[in-house]
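Close look at the chain arrangement
Spelled out, the chains give:
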Amino acid sequence: MSAAAWPSPAYAQDHAGTERGAEAAQLPIGNKHLQPFDNLRYLILDSKALDPDAAIAKRGEFLPLDNPWVDFGDQESAVWLLVSVENPNDQPGEWMIDIQRPFADELLVQKRALGAPSQTLLSASRTTHFDERPVVSQYLVAPLWMEAGESAEILVGLRSSTGSWMPLTFATPERMRTAHMQEARFNWLINGAMVVLVIVAIAMGRLVGWPLVSAFAAYVGLSALFVANNEGYLHRFVWPGNMGAYEPANLLLLTGMMIALLQFARLFAGLGECHPRTNRAVRALQIVLCVAAILSAFFWRYDAMRWAVFAHVPLVAFAYFWIAILAWKEKVLGAVPFLAGSAAIVFTVASMSAVLLVPGRFPMTVALDYFHATVLFESLAFLIAILVRMLAMQRDLSRSLQAEVDTTQEKLELAEALQESRSRYDEARNHAKGLKARLASTSHDLQQPLLSLRRGLEDVASRDPAAAGNLQAALTYLEGVTESGLSETVPENSLSGEKPDEGVEAFLASLVIANCSAMFRAEAHDAGVEVRTRACEALIITEPIEIMRATSNLVSNALKHAHATKLLIAMQPRKDHVLLRVIDDGCGMDEAELARFSAKHAKSDSSEGHGLGLHLVHEFAARPGHEFVLRSVKHRGTCMTLRIPRG
C-alpha cells in the first residue's frame, strides 16, 4: 500500500480524535479512515491454531502497542489484536476492516459486542479460494456492520510465516475503494513502465548485443512479477485457489532477480575481459543462487531456507555495487547511470533491512512502495546505461562508415585518375602507332623511287663518275633511313595506326598510269617484263598520294614476285567509277596464299620487303567509294582491281 493511500499514524490519530488509552475509537465518517494504533492492545500467544476464546480468556494479558506501527517481526506464535470501536452516528452503517496484507497462513477477524454472540467477519487460510473472500480485493478485508451508537470489540488473530506486519485500518467503503484504486493505479503504472522498458531494450538488441538485453529483460520482467506477487495480483488472477503459492513464488522470483541482475552486471561491465577473478566470483555466486532457487521450490516452509535466500540479497547488492564501481573506473560506456542504479539498489536493501531488523518502527507499506518505485528507477537507469552504450556504438559505427565512405571516395578518385591516365596513355600509344604506320608507309613508298633513281644513276656514272659518286652516297644514306624507318615499325602485335589527313582531289586517271609507267620502266626492263598501259581521260576523285602509293605497290609486287613476262596497267571508265587494273601472267596464288598475303607484314620466304604492300592497298580501298578485288589462278596469273570514284 502506498504512503499516499493511507496517512501516517499521527494523521490518523488527529483525524480520529482519539488518544492512547481511550476505551473506544470512533469509526470514521465519509471519505475518511482510521488506524487506531493508540487504542490497540496486542497479545502473542503460543498456539498451533487460532483460538479466539483462548485469546479472550487472557484479556488481562493484552498489552498496549509500544511502537507506532503494528509489526512484531517473524513470529511462529499467533498475534492477537484487540480494539474497541464505536459508531458515532445516529444511523447504522458499514465499514471495512482492511488488514493490508494479501496473504496469511491463518487470519481471523471477529466482532464481539456486549450481550451478543461473537460474529466472524473474516476467516482465511492458505487453502482459501480468492472468490471466498467477503470483499473482492487483493488485500484481506473484512466487512463490519455497526448499528447506530453501537460499540464493539474487534478481535484480529494472525499466523503468518511472512512476518506479522498488520496495519489495521477502518474505513468507509468509499474510502477503501479510493485507496485501493490509487494503489492499483500505482502498481499497474510501475508494471506497465517496466514492460515498456523491456520492449525498448529488445528493440536495441541487435546493436548492443542480445545477451546483455536478455539479462536486462529477465531482471525487469522478474521484478515486475515480484511486485505483482507481493501486491496479491498473482493470487487474484493466476492462482486464486492457492494462497499458499505466494511464498514459494516469492522466493523463486527473488532468486531469479538476483541471478539476472548479476548476469546483466557481468556483461555490462565486461568482467570476463577486464576482471577475470571478480567474474569467477560472481559466477560462483550465481551458481549458489541457482541451487538456492531449486531448493526453495521444495523447502520453502522452513525458516532456514527463507533466511538463506534473504541473506543473499545484501550480498548481491554489494557485489552489484562493486561491479558498478569497477565499470566506472574502467570508463565503461554508460557507467554513470549504471552506478546510479546500483546505488539505488543498495539504499533500497538498506531500507528494507532496517524495517525487518527493527519491526514496528518503520512502516512496511511505505518501504514496499519505495522498493517498487526503486525497481522502476533502477530499471530506467539500466536502460539509460544501455542507451548511452548504444548511442556511443552508433556514433562509432557512423564514424567507421564515414571513414569507409571517405576511403571509397578516395579510391574512386584514384580509379578515375588512373582511368584518365590510361586513356591518355592509350591515346598517345595509338597516336604513336599511327605515326609509325605513316613512317612505314612513307618509307615503303620511297623505296621504289629510290630504286628508279639508282637505276638512272648507272647512266649518269658512265658519263660523270665524280657526280655519280656523290649521288651514290646520298642514295645510300636515303636508303638507310628508309630501311631504318621500316624496321622500327614492325611490332610483335601492332595495332592499326592513324591515317594522316590528306586532301581529296579530282584529277585525270591517266596521270596515275603515266607516273607508274615512268617509275617502273627501268625495273621492268631489267626483269624482262613487257609492260603495257591503257589510259583514259576520265576524272577520278581520291587522294593523289594514296592512289599512287596503292598503284605502285601493286605494280611493284607484280614485278618482284609474280615471275611474269607480261604486265598490263589499265584504266577502265564506268558510269560512276573507274577501274584500275594491274594484270600479270605470272605464277598466281591459291586461296590460302591470297588470305595470308593480304595481312599486314605478311610476305613470302624469298621476299626482302616488310610485308606492307597489299596491306596498304587494303587500307586505301577501305575509304568510302573505293574497293579492292584480288583474283588469282595458280600458274596462270593475277588480276588486281581498284575501284575509284569517278569525277
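Data block above holds the structure.
Here's a quick rundown of the structure. (Residues numbered from 1 in each chain as written. Predicted model: local features only at pLDDT ≥ 70, side-chain atom pairs only at ≥ 80, totals over all residues. Heavy atoms only, no water.)

A few words now on the overall build of the protein chain. Within the protein chain one finds 17 helices and 18 strands. A buried classification covers 47% of the 647 residues belonging to the protein chain. Considering only intrachain contacts with a sequence separation of at least 6, the fraction spanning at least 24 residues in the protein chain is 75%. (Helix = DSSP H or I, 4+ residues; strand = E, 2+ residues; numbered from the N terminus. Buried < 20%, exposed > 50% of the residue type's maximum accessible area, 1.4 Å probe, protein only. Contact = heavy atoms within 4.5 Å.)

The next subject is the sheet that holds strand 2 (residues 33-34). The strand order across the open sheet formed by four strands is 2-11-6-9, and the pairing between neighbours is antiparallel. For this open sheet the edge positions go to strand 2 and strand 9 (141-146), each flanked by a neighbour on one side alone. The pairing of strand 6 (residues 93-98) with strand 11 (residues 169-171) spans three bridges and is antiparallel. The residue of strand 11 that forms the bridge with Ile97 is Phe170. Packed on one face of the sheet, helix 3 (residues 173-203) meets strand 2, strand 6, strand 9 and strand 11 and runs near 35° to strand 6. (Pairing = 2+ DSSP bridges. Axes fitted to C-alpha atoms, helices over the stretch in contact; angles between N-to-C directions.)

Moving on: a negative patch on the surface. Taken together, Asp406, Glu410, Glu413 and Glu416 make up a surface patch of like negative charges. Residue placement: Asp406 occurs in helix 12 (residues 364-463). (Patch = residues over 30% accessible without salt bridge, like charges linked within 9 Å, V, L, I, M, F, W, Y side chains within 5 Å. Areas by Shrake-Rupley, 256 points an atom, 1.4 Å probe, with all protein chains shown as cover. Salt bridge = Lys/Arg side-chain N within 4 Å of Asp/Glu carboxyl O. Lys, Arg positive; Asp, Glu negative; His and termini not counted. Charge placed at Lys NZ, Arg CZ, Asp CG, Glu CD.)

What follows covers helix 10 (residues 303-329). Every α-helix carries 3.6 residues per turn, so stepping three or four residues along brings you back to the same face. Compared with an ideal rise of 1.5 Å per residue, which puts 27 residues at 39 Å, helix 10 spans 40 Å between its outermost C-alpha atoms and is within 8% of the ideal. Once helix 10 ends, the next one or two residues include Lys331, with phi positive near 60°. (Expected span 1.5 Å × (residues − 1).)

Here we take up the packing of helix 10 against helix 11 (residues 335-357). The geometry of helix 10 relative to helix 11 is characterised by a closest axis approach of 9 Å and an angle of 160° between their N-to-C directions. For the element pair helix 10 / helix 11, the angle class is roughly antiparallel. Two packed elements cross with a definite hand, and for helix 10 against helix 11 that hand is left-handed. Two secondary-structure elements touch here, helix 10 through Val313, Pro314, Ala317, Tyr320, Phe321, Ile323, Ala324, Ile325, Ala327 and Trp328 and helix 11 through Ala335, Val336, Phe338, Leu339, Ser342, Ala343, Ile345, Val346 and Val349. Tallied by class, the residues present in the contact of helix 10 with helix 11 amount to 18 nonpolar, one polar and no charged. (Parallel < 35°, antiparallel > 145°, perpendicular 65-115°, else oblique. Left-handed = near helix turned anticlockwise from the far one by under 90°. Nonpolar A, V, L, I, M, F, W, Y, C, P; charged D, E, K, R; others polar.)

At a minimum axis distance of 9 Å, the contact between helix 7 (residues 246-269) and helix 9 (residues 276-299) shows a crossing angle of 165°. Here helix 9 runs roughly antiparallel to helix 7, going by the angle between their axes. The two elements helix 7 and helix 9 meet at a crossing, and its hand is left-handed. Contact with helix 7, carried on its side by Leu251, Leu252, Thr255, Met258, Ile259, Leu262, Gln263 and Arg266, involves Asn279, Val282, Arg283, Leu285, Gln286, Leu289, Cys290, Ala293, Ser296 and Ala297 of helix 9 and no other residues of that element.

So, on to the nonpolar core. With 61 residues, the main nonpolar core has Phe216, Tyr219, Phe264, Tyr320, Phe338, Ile345 and Phe382 as its most contacted residues. Among the secondary structure elements, those contributing two or more residues to this core are helix 3, helix 5 (210-230), helix 6 (233-237), helix 7, helix 9, helix 10, helix 11 and helix 12. In terms of residues, this core owes the most to one element, helix 7, which gives 13 residues. Each residue touching Phe382, except ones within four places of it in the same chain, is listed here: Phe216, Tyr219, Leu261, Phe264, Tyr320, Phe338, Gly341, Ser342 and Ile345. Judged by nonpolar contacts, the second largest core, of 43 residues, contains Leu34, Leu122, Ala124 and Ala142. (Core = buried A, V, L, I, M, F, W, Y, C linked by side-chain atoms within 4.5 Å.)

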